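The lines below spell out each chain.
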Amino acid sequence: MNRRILVVNGPNLNLLGTREPDRYGPGTLADVERIAVDAAGESGFDIRAVQSNHEGELIDAIHAARLDCDAVVINAGALTHTSVALRDALLGIALPFAEVHITNVHAREEFRHRSLLSDVADCVIVGAGLQGYDFAVRRLVADLTRIAVA
């Protein structure tokens, strides 16, 4: 049985490549998914990727992950700063998760400096561009592999 990581992308991340390319770069959501698949595949993990502009769909995907995923990578977009429901969903499934932000949110508007996820995330990757997804997947795989060996 392959192990699996859920990659969750929130509102407006479907616009990657066209939305503020000077800030987010030219990479697309398809590039994000390819990066995650490549990083996971090297260690025998699969990726399930979901993007939605609707909070409830993201919560449903997170809930479903408890049945067949080992960890979650999440870029909740603007919901990072507002959604207690996403936080509760991640806590409720009790899987390790990595929070990712393409840009350095701490160098942006004040309201982006506060995350409702960071204090409960296993790791937080900020400002590494799309490569942050690679870092997050590799970090979770390393942690899961270490736990499995122990």
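Described below are features of the structure shown in this document. Note that the structure is a prediction, hence the values are computed from the model and not measured.

**Section: the overall build of the chain**
Helices and strands together make up the secondary structure of the chain, namely five helices and five strands. Along the chain direction, N to C, the helices and strands of the chain fall in the order β-α-α-β-α-β-α-β-β-α. When the backbone C-alpha atoms are referred to their principal axes, the chain occupies close to 40 × 30 × 25 Å. Counting across all 150 residues of the chain, residues that qualify as buried make up 46%. In the chain, once contacts between residues fewer than 6 apart in sequence are set aside, the share between residues at least 24 apart is 77%. For the chain, the accessible area works out to roughly 7300 Å², and carbon and sulfur atoms hold 52% of it. If the 14 positive side-chain charges of the chain are averaged to one point and the 20 negative ones to another, these points end up 2 Å apart.

**Some points on the sheet that holds strand E2 (residues 45-51)**
On the basis of which strands lie adjacent, the open sheet formed by five strands has the order E2-E1-E3-E4-E5 and parallel pairing. With partners counted over all chains shown, the strands left at the sheet margins are E2 and strand E5 (123-126), one partner each. The mean inter-strand angle of the sheet, taken between neighbouring strand axes irrespective of direction, is 20°. Bridge analysis of strand E4 (residues 97-101) against E5 gives four bridges, and the strand direction is parallel.

**As for helix H2 (residues 29-41)**
In this model H2 runs 18 Å from its N-terminal to its C-terminal C-alpha over 13 residues, within 8% of the 18 Å that 1.5 Å per residue would give. Within H2 the residues assigned to the buried category are Leu29, Val32, Ile35, Ala36, Ala39 and Ala40. Along the axis of H2, the buried positions cluster into a sector of 120°, meaning they face one direction only.

**Some remarks on the side chain of Ser52**
Residue position: Ser52 is located in the loop between E2 and helix H3 (55-68). A polar side-chain atom of Ser52 sits 2.9 Å from the main-chain amide nitrogen of His54. A distance of 3.0 Å separates polar atoms of two side chains, one belonging to Ser52 and the other to Glu57. With sequence-adjacent residues up to four places away left out, Ser52 is seen in contact with Asn9, Gly10, Pro11, Glu57 and Leu58.

**Structural notes on the nonpolar core**
One finds Ile5, Val73, Tyr133 and Val137 to be the most contacted residues of the largest nonpolar core, which totals 27 residues. For this core, the elements supplying multiple residues, two or more each, are strand E1 (3-9), H2, E2, strand E3 (71-75), E4, E5 and helix H5 (131-149). Ile5 has contacts with Phe45, Asp46, Ile47, Arg48, Cys69, Ala71, Val72, Val73, Val137, Leu140 and Val141, leaving out every residue within four places of it along the chain. Membership of the second largest hydrophobic core comes to 19 residues, among which are Val8, Ile59, Cys69 and Ile74.

**What about the side chain of His101?**
The topology assignment puts His101 in strand E4. Taking relative accessible area as the criterion, His101 reaches 6% and is therefore assigned buried. There is a polar contact of 2.7 Å between the side chain of His101 and the side chain of Glu99. With sequence-adjacent residues up to four places away left out, His101 is seen in contact with Asn75, Thr80, Ile125, Val126, Gly127 and Ala128.

How each quantity is defined
- Residues numbered from 1 in each chain as written.
- Predicted model: local features only at pLDDT ≥ 70, side-chain atom pairs only at ≥ 80, totals over all residues.
- Heavy atoms only, no water.
- Helix = DSSP H or I, 4+ residues; strand = E, 2+ residues; numbered from the N terminus.
- Buried < 20%, exposed > 50% of the residue type's maximum accessible area, 1.4 Å probe, protein only.
- Contact = heavy atoms within 4.5 Å.
- Areas by Shrake-Rupley, 256 points an atom, 1.4 Å probe, with all protein chains shown as cover.
- Lys, Arg positive; Asp, Glu negative; His and termini not counted.
- Charge placed at Lys NZ, Arg CZ, Asp CG, Glu CD.
- Pairing = 2+ DSSP bridges.
- Axes fitted to C-alpha atoms, helices over the stretch in contact; angles between N-to-C directions.
- Expected span 1.5 Å × (residues − 1).
- Arc of directions from axis to C-beta.
- Polar contact = N/O pair within 3.5 Å; in protein donor to acceptor, adjacent residues only side chain to side chain.
- Core = buried A, V, L, I, M, F, W, Y, C linked by side-chain atoms within 4.5 Å.

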